Amino acid sequence: MLADANLEADLKILAKYGRVVIVGSRGVIEFTPRLTMIAEADIRGMAVWNTSEAAASEAISAVSDYLARGVLHPVVGAIFPLQEATAAHERILSTHATGKVVLDCS
């Protein structure tokens, strides 16, 4: 998720012909290009807003199925009422955030 913090470490453990998909970054990325050469790696960026409706629907169905079967176990780090959305956002940006931050809209 944090390519600016993790890309170099990811490339060091990547299998030969592996792929790193960047889905989040908060800053400039500096890494050793030789690491991509050693693994003959593929680095790809991905943005959810570029996903087709069909692909998004398929992904949502797969995640729903995994949740129903107990394959996925999301970790909730904190729950905030909607009125505290600012505090929730600050929590996400902090280095102390663990798990998912949830806004309770009920």
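Residues numbered from 1 in each chain as written. Predicted model: local features only at pLDDT ≥ 70, side-chain atom pairs only at ≥ 80, totals over all residues. Heavy atoms only, no water.

Between its first and last C-alpha, helix α3 (residues 53-69) extends 24 Å over 17 residues, near the 24 Å set by a 1.5 Å rise per residue. Count one or two residues on from α3 and you reach Gly 70, which has phi positive near 80°. (Helix = DSSP H or I, 4+ residues; strand = E, 2+ residues; numbered from the N terminus. Expected span 1.5 Å × (residues − 1).)

Before going further, it helps to spend a moment on the pattern of salt bridges. Applying the stated criterion across every chain, the model contains three salt bridges. Of the charged contacts in the structure, one is a salt bridge between Asp 42 and Arg 19, with a shortest N-O distance of 2.9 Å. Taken together, the residues Asp 42 in strand β2 (residues 42-45) and Arg 19 in strand β1 (residues 19-22) connect sequence positions 23 residues apart. Across the pair Arg 69 and Asp 65 runs a salt bridge whose closest N-O atoms are separated by 3.3 Å. Placement of both Arg 69 and Asp 65 in helix α3 is noted, with a separation of four residues, approximately one turn of the helix. Through salt bridges with shared partners, one network takes in Arg 19, Asp 42 and Arg 44. (Salt bridge = Lys/Arg side-chain N within 4 Å of Asp/Glu carboxyl O.)

A positive phi angle, near 65°, is found at Tyr 17, a position not held by glycine. Topologically, Tyr 17 is positioned in the loop between α1 (3-13) and β1. Taking the relative accessible area as the measure of exposure, Tyr 17 reaches 56% and is therefore exposed. Backbone geometry places Glu 40, a non-glycine residue, at a positive phi of 50°. Here Glu 40 lies in the loop between α2 (34-39) and β2. (Buried < 20%, exposed > 50% of the residue type's maximum accessible area, 1.4 Å probe, protein only.)

Next up on the list: the environment of Leu 35. By the element assignment, Leu 35 lies in helix α2. Overall, Leu 35 belongs to the buried group, its relative accessible area being 16%. Counting along the chain gives 22 residues from Leu 35 to Ile 13, while the straight-line C-alpha distance between them is 9.5 Å. In contact with Leu 35, other than residues within four places in its own chain, are Glu 8, Leu 11 and Lys 12. (Contact = heavy atoms within 4.5 Å.)

Summarising the element assignment, Thr 36 is placed in helix α2. Separated by 2.5 Å, the side chain of Thr 36 and the backbone oxygen of Pro 33 make a polar contact. (Polar contact = N/O pair within 3.5 Å; in protein donor to acceptor, adjacent residues only side chain to side chain.)

If you trace the backbone, Gly 99 turns up in the loop between α4 (85-93) and β4 (100-104). For Gly 99 and Pro 33, which are 66 residues apart along the polypeptide, the C-alpha to C-alpha distance reads 31 Å. Setting aside residues no more than four positions away along its own chain, Gly 99 makes contact with Val 75 and Gly 77.

Quick look at the pairing of strand β3 (residues 76-81) now. Side-chain direction in a regular strand flips from residue to residue, so the side chains alternate between the two faces of the sheet. In this sheet, β4 lies alongside β3 in parallel orientation, the contact comprising five bridges. What sits directly across from Phe 80, in β4, is Leu 103. Handedness of the β3-α4-β4 crossover: right-handed. (Pairing = 2+ DSSP bridges. Right-handed = clockwise from strand over helix to strand, strands pointing away.)

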